[in-house]
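# Fold and geometry: a report
One letter stands for each residue in the lines below.
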Amino acid sequence: MPLLTPLGVILGLLFCDFFRPFKPAVSFLFGFLTLINGMGVAVGDFAKVFSKRRAILSFLVCSYIAIPLLYTLVSRPLFSSETAIGFTLLAATPTAVVGTIWSSIYGGNRALSLALLVLGTLLAPFATPLIVSLLSKESVAIDSVGMMTSLLMMVLLPSFAGILINFLTKGHCNDHVSPALKPFTKLALVLVITINTSQVAREMIADLSVHFLLIAVAAVAFFFTSYILTYRMASAMKLEKDDAISVTFASSMKNISASMVLAIDFFPPQSVPPVLTGILLQQTTGAFASHFLFLRKAKAVGKKCVKG
């Protein structure tokens, strides 16, 4: 994924005119991803999620307090107030659908990831305006109906369909069908990144400047720090490894498409660049951060076991 994700960004930039018309396909690709992800969740596992109070508390603290404060307090001295608002908005948006896929790839708790995605999206119409208002003194209105409809079509229905398939087949699909579809889920994820990048490629190229590059560097630093911060906090709360991975992705991977709509509709133009860079760099940064936090440590542990 650290190699495939930048490839998707590069393809979106170089062939933006080709991929831009495929924007409607993103919803179907997300639906496919969440369907396959849901097939790996048992009904009993999903029900147990609501007893994981520490995991839910860790997610709420990281998503709605720690990360927004980090983005706001650090960006204010570095950039104009309008640009800092863009970073605040970036941090205050709900968790991304694709975060559940990343969590699945790196061994997270699928049921917990799905539950946190639903919780984060349901809270977004209330939490996002409140956070932005408190930290930036700017008011924002959110299309709650549109957000809920998107959640229903891309997350709830496909996920619960996958859980139902798992239940009806007594786990057969998860054991025999899902592994065969894994390569296609990675391909779908790369296509989502490519298509989303193509939507903002022209604006990115037109606005390319030293100031824009500084914003991009800051965005990468924020994203990477978010992963480290949330994973350390989850570990400090003594969550199990798979739960900690789920909380990390649910807290750090943001629905930047929603951020883009809000930035364009409700904020000054200077607040848009942080969101633009977020669309281009979040997936790539997440891939490298995940490799650093999860895969590298797993390989190190494996080597020690072999030597022992």
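In this text, all values refer to a predicted model and were calculated from it rather than measured experimentally.

Turning to the overall build of the chain, a few remarks are in order. When helices and strands are tallied, the chain shows 14 helices and zero strands. Taken over 308 residues, the chain has a buried fraction of 52%. In the chain, of all internal contacts separated by at least 6 residues, the share reaching a separation of at least 24 is 85%. By element, 72% of the accessible surface of the chain is carried by carbon and sulfur atoms, the whole surface being about 14000 Å².

Right, let's get into the pattern of salt bridges. Per the counting criterion, the structure on display carries two salt bridges. A salt bridge links arginine 20 to aspartate 17; the nearest nitrogen and oxygen atoms lie 3.2 Å apart. Its relative accessible area of 21% is what places arginine 20 among the partly exposed residues. Between lysine 52 and aspartate 243 there is a salt bridge whose closest N-O contact spans 2.9 Å.

In this section: the confidence of the model for the chain. When pLDDT is averaged across the chain, the result is 79; 86% of the residues are at 70 or more. Taken as a whole, residues 298-306 scores under 50 in pLDDT and shows one contact with residues more than four places along the chain or in a different chain.

Turning next to unusual backbone geometry. Phi angles above zero are rare outside glycine, and lysine 238 is one such case at about 60°. Locating lysine 238 in the fold gives a position in the loop between helix H11 (210-236) and helix H12 (241-252).

Following the sequence through the fold, serine 251 ends up in helix H12. Apart from residues lying up to four places away in sequence, serine 251 is in contact with Phe59, Cys62, Ser63, Ile67 and Thr230.

Glancing now at the side chain of threonine 72. Its location among the elements puts threonine 72 in helix H5 (residues 53-78). Looking at threonine 72, the relative accessible area reads 2%, which means it is buried. Setting aside chain neighbours within four positions, we find threonine 72 in contact with Thr88 and Leu135.

Right, let's get into the packing of helix H7 (residues 98-105) against helix H8 (residues 110-136). Contact geometry of H7 with H8 gives a least axis separation of 9 Å together with a crossing angle of 165°. Between H7 and H8, the interaxial angle falls into the category roughly antiparallel. Judged by the twist between their axes, the crossing of H7 over H8 is right-handed. From H7, Thr100, Ser103 and Ser104 reach across to H8, where they touch Arg110, Ser113, Leu114 and Leu117. Broken down by class, the residue content of the contact of H7 with H8 amounts to two nonpolar, four polar and one charged.

Taken together, the buried positions of helix H1 (residues 4-14) are occupied by Thr5, Gly8, Val9 and Gly12. Within H1, the buried residues cover an arc of 95° as seen down the axis, which keeps them to one side.

About the cut-offs
- Residues numbered from 1 in each chain as written.
- Predicted model: local features only at pLDDT ≥ 70, side-chain atom pairs only at ≥ 80, totals over all residues.
- Heavy atoms only, no water.
- Helix = DSSP H or I, 4+ residues; strand = E, 2+ residues; numbered from the N terminus.
- Buried < 20%, exposed > 50% of the residue type's maximum accessible area, 1.4 Å probe, protein only.
- Contact = heavy atoms within 4.5 Å.
- Areas by Shrake-Rupley, 256 points an atom, 1.4 Å probe, with all protein chains shown as cover.
- Salt bridge = Lys/Arg side-chain N within 4 Å of Asp/Glu carboxyl O.
- pLDDT = per-residue confidence, 0-100.
- Axes fitted to C-alpha atoms, helices over the stretch in contact; angles between N-to-C directions.
- Parallel < 35°, antiparallel > 145°, perpendicular 65-115°, else oblique.
- Left-handed = near helix turned anticlockwise from the far one by under 90°.
- Nonpolar A, V, L, I, M, F, W, Y, C, P; charged D, E, K, R; others polar.
- Arc of directions from axis to C-beta.

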